[in-house]
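# A closer look at the structure
Spelled out, the chains give:
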Amino acid sequence: MQTPYQLPNGDTAMVTDTATAAQNLGRAVELWRQGATEPLIYGDNGRPEGVVISFDQWAEYEVLREEAEGERRRIEIVRQRLADADDPSKWESFEDMMDRYGLDPDSPDLQPKDGGADDGDRKP
């Protein structure tokens, strides 16, 4: 049995009761193998409690999650740098930053200096 559930964004998800979801898991896998992407949302009393998705969808979401985490880290770095912007003693020139990371500012895709050879001269 399926029950409509109103999502916060206004969409509706169909929630399959847990017993029916367990019986239909094999059918969901068959549909995914045929190219369907609809998740199996299940729960009791019409309330969603879990979602079963294909492995391909999970892998795609995992990539997106990792990208979002990287973006959150970059945002935090920018926030910290902006917080330090009022103190010129903490400013770093582009050239010093490139040297600190051992990168060649003249390379088109910021390759390491000397083709990646670690000569021990990098700053910590």
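Procedures and definitions
- Residues numbered from 1 in each chain as written.
- Predicted model: local features only at pLDDT ≥ 70, side-chain atom pairs only at ≥ 80, totals over all residues.
- Heavy atoms only, no water.
- Helix = DSSP H or I, 4+ residues; strand = E, 2+ residues; numbered from the N terminus.
- Rg over C-alpha atoms; globule rule 2.2 N^0.38 Å.
- Buried < 20%, exposed > 50% of the residue type's maximum accessible area, 1.4 Å probe, protein only.
- Contact = heavy atoms within 4.5 Å.
- Areas by Shrake-Rupley, 256 points an atom, 1.4 Å probe, with all protein chains shown as cover.
- Pairing = 2+ DSSP bridges.
- Axes fitted to C-alpha atoms, helices over the stretch in contact; angles between N-to-C directions.

Attention shifts here to the overall build of the protein chain. Each helix and strand in the protein chain was counted, giving 3 helices and 4 strands. Written out in order from the N terminus, the α and β elements of the protein chain read β-β-α-β-β-α-α. For a compact globule of 124 residues, the expected C-alpha radius of gyration is about 14 Å, and the protein chain comes in at 25 Å, more than 25% above that figure. Projected onto its principal axes, the C-alpha positions of the protein chain cover 65 × 35 × 20 Å. Taking all 124 residues of the protein chain together, the buried fraction comes to 14%. Counting contacts in the protein chain only where the partners sit at least 6 residues apart, residues at least 24 apart contribute 24% of the total. Of the roughly 9800 Å² that the protein chain leaves accessible, carbon and sulfur atoms contribute 53%.

A few words now on the sheet that holds strand E1 (residues 2-6). Each strand in a sheet pairs with its neighbour through backbone hydrogen bonds, running either in the same direction (parallel) or in the opposite one (antiparallel). As summarised here, the arrangement of the 4 strands in space is E1-E2-E3-E4, forming an open sheet in which the pairing is mixed. Two strands bound the open sheet, and with one partner strand each, they are E1 and strand E4 (50-52). This sheet shows a mean twist of 40° between the axes of neighbouring strands, independent of strand direction. Relative to strand E3 (residues 40-43), strand E2 (residues 12-17) runs parallel, the two sharing 2 bridges. From the neighbouring strand, Thr16 faces E3, where its bridge partner is Tyr42.

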